[in-house]
Structure formats: C-alpha cells, structure tokens
Amino acid sequence: QVQVVESGGGLVHPGGSLRLSCAASGSIFMIYATAWHRQAPGNQRELVARIHQTGSTNYADSVKGRFTISRDNAKKTVYLQMDSLKPEDTAVYYCAVQIQTTPVGDGRDYWGQGTQVTVSS
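The following refers to the structure shown. Nothing here was measured: the structure is a model prediction, and the numbers come from that model. (Residues numbered from 1 in each chain as written. Predicted model: local features only at pLDDT ≥ 70, side-chain atom pairs only at ≥ 80, totals over all residues. Heavy atoms only, no water.)

**Here we look at the packing of aromatic side chains**
Basically, it comes down to this: For Phe, Tyr and Trp, where Trp contributes only its six-membered ring, two rings pair if their centres lie within 6.5 Å, and the inter-plane angle classes them as stacked under 30 degrees, edge-to-face over 60, or tilted in between. The rule for a charge over a ring is simple: NZ of Lys or CZ of Arg within 6 Å of the ring centre, and within 35 degrees of the ring normal.
Taken as a whole and assessed by the stated rule, the structure comprises 0 aromatic pairs. It is Arg45 that lies over the ring of Trp111; its NZ or CZ is 4.9 Å from the centre. Lying across the ring of Tyr110, Arg108 places its NZ or CZ 3.8 Å from the centre.

Shown next as structure tokens:
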C-alpha cells in the first residue's frame, strides 16, 4: 500500500505565495520522480513541475521563474513553492509520485487527492 497526500493549498491574493507539500508513505522501495500537475475547471490536467531521482527539474513555461520544486528525501516529501501567484494559477493541484514498491519490477504513478489553490483579490 502506498499513500500520497498533498497539503498547503488555500486562498491567496494575486502576487502572493503558497507552498504545497506532497508526502509519500507506505511500501516504497524506490521513488523515481515526483510531479505536480494542475487542473482548472473546464481545462485538461497539465504538468506544472517535475523533480527526478537525479535531482534534475523541469517546469511548464507558464510557471518558470515563479515556482520552485524541491524535495526532502528523508521525509519522502516534495514541495512546490509558488511565488508571484496569478489568478490563472487557480486550479486543483495534484501530486504524482513514480514509485517502485518491490526490488523487482517497474514503478508506476501514485496520485494524491489534490489540493485547491485559489488566487483572487
């Protein structure tokens, strides 16, 4: 059993900041990558940022320079620091963790339940 739990969402004014957390727990042999996605009403889910096992990161163009993804390996937690927030960042933010649960086999994505981020004055 693997659990992925997001936290840290909320209501913030334009220009404000929030930090989201994504914590993985349970039967985890290896974590390959963790990604943050978001989905606004009427839109498709989109990739926001990803951090790989190597520590390399990539970001959607729309958030480059404003969002920062980081991790604490000991806590199996990944963070998304969101600065200079805009109304168009409003969405439900989901965390997907690519996890291998046994020494043999391939990893797969485990998703959290999502956390709402609302940017509004």
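**A word on the pairing of strand β8 (residues 77–82)**
Threshold: Residue exposure (1.4 Å probe, protein chains only): buried if accessible area is under 20% of the type maximum, exposed if over 50%, otherwise partly exposed. Labels follow the DSSP assignment, with helices taken as runs of H or I lasting at least four residues and strands as runs of E lasting at least two, numbered in each case from the N terminus. DSSP bridges decide pairing: two strands pair if at least two such bridges lie between them.
Buried residues dominate β8, accounting for 5 of its 6 residues. The pairing of strand β3 (residues 18–26) with β8 spans 6 bridges and is classified as antiparallel. For Ser21, the partnering residue across the bridge sits in β8 and is Tyr79. Relative to β8, strand β7 (residues 67–72) runs antiparallel, the two being bridged by 6 bridges. Looking at the pairing, Ile69 lines up with Leu80 of β8.

**A few points about the sheet that holds β7**
The following threshold applies: Simply put, an axis is a line fit to the C-alpha atoms, just over the touching stretch for a helix, and the angle between two N-to-C directions goes from 0 to 180 degrees.
Pairing is antiparallel across the open sheet formed by 4 strands, whose spatial order is β1-β3-β8-β7. Bordering the open sheet on either side are β1 (2–7) and β7, each of which pairs with just one other strand. If you compare each strand with its neighbour and ignore which way they point, the axes differ by 15 degrees on average.

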